[in-house]
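# Reading the structure
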Amino acid sequence: MTQDGSVSSPPTAAGGLGALISSFQHARAHGLAKDWQTFLKANQADGFDCPGCAWPEPKKRSSFEFCENGVKAITHEATQRRADAAFFAKHSVEDLRKRDHYWLEQQGRLTEPMAYNNRTHHYEPISWDDAFAKIGKILRTLDTPDEAIFYTSGRTSNEAAFLYQLFGRMLGTNNFPDCSNMCHESSGVALGESIGIGKGTVTLEDFEKADAIFVFGQNPGTNHPRMLTELQKAAKRGCNIVTFNPLKEAALLRFTHPQHAIATATGMSTCISSHYFQPVVGGDLAAIKGIMKHLIEWEEERGGILDKDFIDKETSGWLSVRDDLRLSKWDDLVANSGLSKEQMAEAAQIYATSERVIACWAMGLTQQKQAVGTLQTLVNLLLMRGNIGKPGAGACPVRGHSNVQGDRTMGIIEKPKPAFLKALGKTFGFEPPTREGYNTVEAIKAMHAGRAIVFMSMGGNFAAATPDTAYTEAALEKLELTIHVSTKLNRGHLVIGNESLILPCLGRTEQDAQASGLQQVTVEDSMSMVHASRGHREPASPQLRSEPAIIAGIAAAALKEKGPDWQALVANYDLIRDKIAEVVPGFDHFNDRLKEPTGFYLGNSARDRTWKTSTHKARFSVHPLPENSLQPNQLRLMTVRSHDQFNTTIYGLDDRYRGIKGKRFVVFLNEKDMAERSLKAGEKVNLISGGNDDKKRVAKGFEIVAYDLPRGCAAAYFPETNVLVPIDSYAARSYTPTSKFIPIWLERA
Ligand SMILES: Nc1nc2c(c(=O)[nH]1)N[C@H]1C(S)=C(S)[C@@H](COP(=O)(O)OP(=O)(O)OC[C@H]3O[C@@H](n4cnc5c(=O)[nH]c(N)nc54)[C@H](O)[C@@H]3O)O[C@H]1N2
Ligand SMILES: Nc1nc2c(c(=O)[nH]1)N[C@H]1C(S)=C(S)[C@@H](COP(=O)(O)OP(=O)(O)OC[C@H]3O[C@@H](n4cnc5c(=O)[nH]c(N)nc54)[C@H](O)[C@@H]3O)O[C@H]1N2
Ligand SMILES: [Mo]
């Protein structure tokens, strides 16, 4: 398709009328303009959890606990459009492979199970029983259960996730890669080692008490719009909001709450960031070290900067961090961060004069080679002034998918803890496998090498979300069987193994009727609050099944007599929750506690200053500056989300807050970098990256847009640029693909 579109100067504020208009337009296009009931149920105690993001809901809720992007997520799930059997009869897989992500998404909800026919090259209807029997037969004949891989995307409910991992482990494998591997895995690894728990330590109430909020590598205006409400409230009461982002993001500059009528009508906006620092891509570790070096120097000059009591009582490793900072050179910190010594002093000054500081971050930090080191350095910064485990302070990894945190809690992990396996084995009377499974990168490699031959995807769009698209698609094409449990058509369905199945499921907004009546499921948000979600819409098709029901069908077919009575568990999800209560710490009396309308808090050991680390203290750790080396003429490309997408789901072709209309194939560049290459705005370039394997990877036809970002840096949209991320380029220790640091060359198209 052609993408003519237009480019204009980005706005200087976000939200307001534009957000309201955009919400309405999306709802109307999908036949939901009159359906405000559905939106009013979002994030309410008697409604469903908005599938938009993992930002928590306040205890006291307004009738409008959703945002523009929540409206888009709900609209696209509740759409009246259908990709049914007639649709697949009309379009061969070859035809569908020529379409882009936007077109595929526009086709609407999947309605019945489909199997790929390799003679007609079309997907054709198959009954649920036949689909289960086919899967069961192939899974029963594997040489080893490790030939099967079970991927999860973070929308899957706790109940479905728990059943899914139980089934996989009863089959005999820990191969549970999930979207987390590409997302906040670095946060989990870093926090786990440093403070003994891989989750954020703050709750929503802390945002009301913080004196400063540092926001690193995150674009909340697009990806967590409800977070802006908290930032706006904080800014209004004088809390400093200190942003670190190479790009000037409109919503981090100024914001108008779209549900505040007067402000919206008059265009009144609030300044969000009191300070906006633009490090180079990958420069955060050095920037944080620079801040810390200032603090140490000030402590030595005048004292009173560090929380020495906290450091003495609660931490280990301080002296080596102090010595490392003493030895580090300002020139290196400045060159590596792209910030001046004075800018780092300005940030350090705010940090030092704030009693309570929260540090938030998202993909700008986690999808870097040195991500784990950067995040542990950020923890160092927090520990220097005791900013963990006191009100109004703490670490806040802002999660993506609405239940990505809950899926992990339920055991979706390739490296399960022995205690979890022991409890699972005891409850269900079996010996769970202890071999580590594959993470996402390892899973792709195993498929390539023929070590895995079955791939099942519980939601998500593995083919498009993963790195090195050509390599990954080739890996998927080698498989014996692919199984996709999905709500909407996506690229993943079109990368065909020997056999491929699409199993359509209910979405969050829909009623889930089982033998005992209507069911509720549960999710855990970014701040460890667990609560119920109940859909109320009529399902998009009578043939849809719930995720737990689909897992039960497959498990019964694959395991035959082994395992619990899957059908009984699915007949009443209370029974699944009773089992969760037996296995997963923190879920005792699960069903009872769900009666609390806003859910319950799982707790966080670090918040209580109980440090479950190897030293039984909060751990300071030393990390060298990253090399971040580039070859001549290369730029650092970060791949980001537009305002009109949810990951690989492309709702529309605009990126309102960056001034882009009607197109996605754009690359944002600094004007000086353009001039140096004799390139002009509007010209088209190809983006070229390399890897250890010397293979050149090319993404073609990107229009140049001049933008406010540091020299040597570039930005373009994911997933069109995933082809450029080499499979072997991932964060040390967390294996998260380096989607925010891809060295590229530009070539005139
Ligand atoms: N509407 C909508 N909501 C979403 C999603 C969506 O696609 N659409 N996705 C969900 C998911 S799964 C996730 S994980 C989150 C993602 O939420 P974000 O992490 O906010 O998403 P990205 O677009 O990847 O944005 C990363 C930000 O990091 C900045 N950045 C890039 N490199 C660097 C760097 O080296 N240093 C610093 N300091 N900043 C850098 C970019 O300029 C950008 O502003 O959002 C969730 N919510
Ligand atoms: N280059 C680059 N790559 C990235 C990133 C990046 O910033 N840059 N970000 C990474 C991140 S943070 C993430 S989280 C991953 C996302 O990776 P995924 O989670 O795999 O991808 P999504 O695009 O969120 O998945 C969308 C599909 O989920 C299905 N779906 C939607 N709702 C439901 C439901 O309720 N149930 C089921 N069963 N299916 C449903 C629909 O069929 C839809 O097409 O991508 C990663 N990839
Ligand atoms: Mo994510």
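The sections below set out a description of the structure shown in this document. From a predicted model like this one, the values you see are computed outputs, not experimental measurements.

Criteria and thresholds
- Residues numbered from 1 in each chain as written.
- Chains lettered and ligands numbered in written order.
- Predicted model: local features only at pLDDT ≥ 70, side-chain atom pairs only at ≥ 80, totals over all residues.
- Heavy atoms only, no water.
- Phe/Tyr/Trp six-rings, centres within 6.5 Å; stacked < 30°, edge-to-face > 60°.
- Helix = DSSP H or I, 4+ residues; strand = E, 2+ residues; numbered from the N terminus.
- Buried < 20%, exposed > 50% of the residue type's maximum accessible area, 1.4 Å probe, protein only.
- Lys NZ or Arg CZ within 6 Å of the ring centre and 35° of its normal.
- Axes fitted to C-alpha atoms, helices over the stretch in contact; angles between N-to-C directions.
- Parallel < 35°, antiparallel > 145°, perpendicular 65-115°, else oblique.
- Contact = heavy atoms within 4.5 Å.
- Nonpolar A, V, L, I, M, F, W, Y, C, P; charged D, E, K, R; others polar.

Once that is clear, we can look at the packing of aromatic side chains. Per the counting criterion, the structure on display carries 28 aromatic pairs. Aromatic pair Tyr-164 and Phe-176: ring centres 6.0 Å apart, planes at 70°, arrangement edge-to-face. Of this pair, Tyr-164 sits in helix H8 (residues 158-171) while Phe-176 sits in the loop between H8 and helix H9 (185-195), and the two are twelve residues apart along the sequence. Pair check on accessibility: Tyr-164 and Phe-176 agree, each one buried. Ring centres of Phe-587 and Phe-600 lie 6.0 Å apart, and the angle between their planes is 80°; this geometry places the pair in the edge-to-face category. With Phe-587 in the loop between helix H29 (573-583) and helix H30 (590-593) and Phe-600 in strand E23 (residues 600-601), this pair connects stretches of sequence that are 13 residues apart. Each member of the pair Phe-587 and Phe-600 is classed as buried. Members of the aromatic cluster, joined through ring pairs, are Phe-87, Phe-88, Trp-103, Tyr-116 and Tyr-123. Against the face of Phe-646 rests Arg-155, its NZ or CZ located 5.1 Å from the ring centre. Lys-579 extends its terminal NZ or CZ atom over the ring of Phe-428, reaching a point 5.7 Å from the ring centre.

Orientation of helix H15 (residues 284-302) relative to helix H17 (residues 318-327), taken along the N-to-C sense of each, is 100°, at an axis distance of 9 Å. Taken together, the axis directions place H15 and H17 in an arrangement best described as roughly perpendicular. Across the interface between the two elements, Lys-289, Met-292, Lys-293, Ile-296 and Glu-300 of H15 pack against Trp-318, Val-321, Arg-322, Asp-324, Leu-325 and Arg-326 of H17. Class assignment for the residues of the contact of H15 with H17 results in five nonpolar, no polar and six charged.

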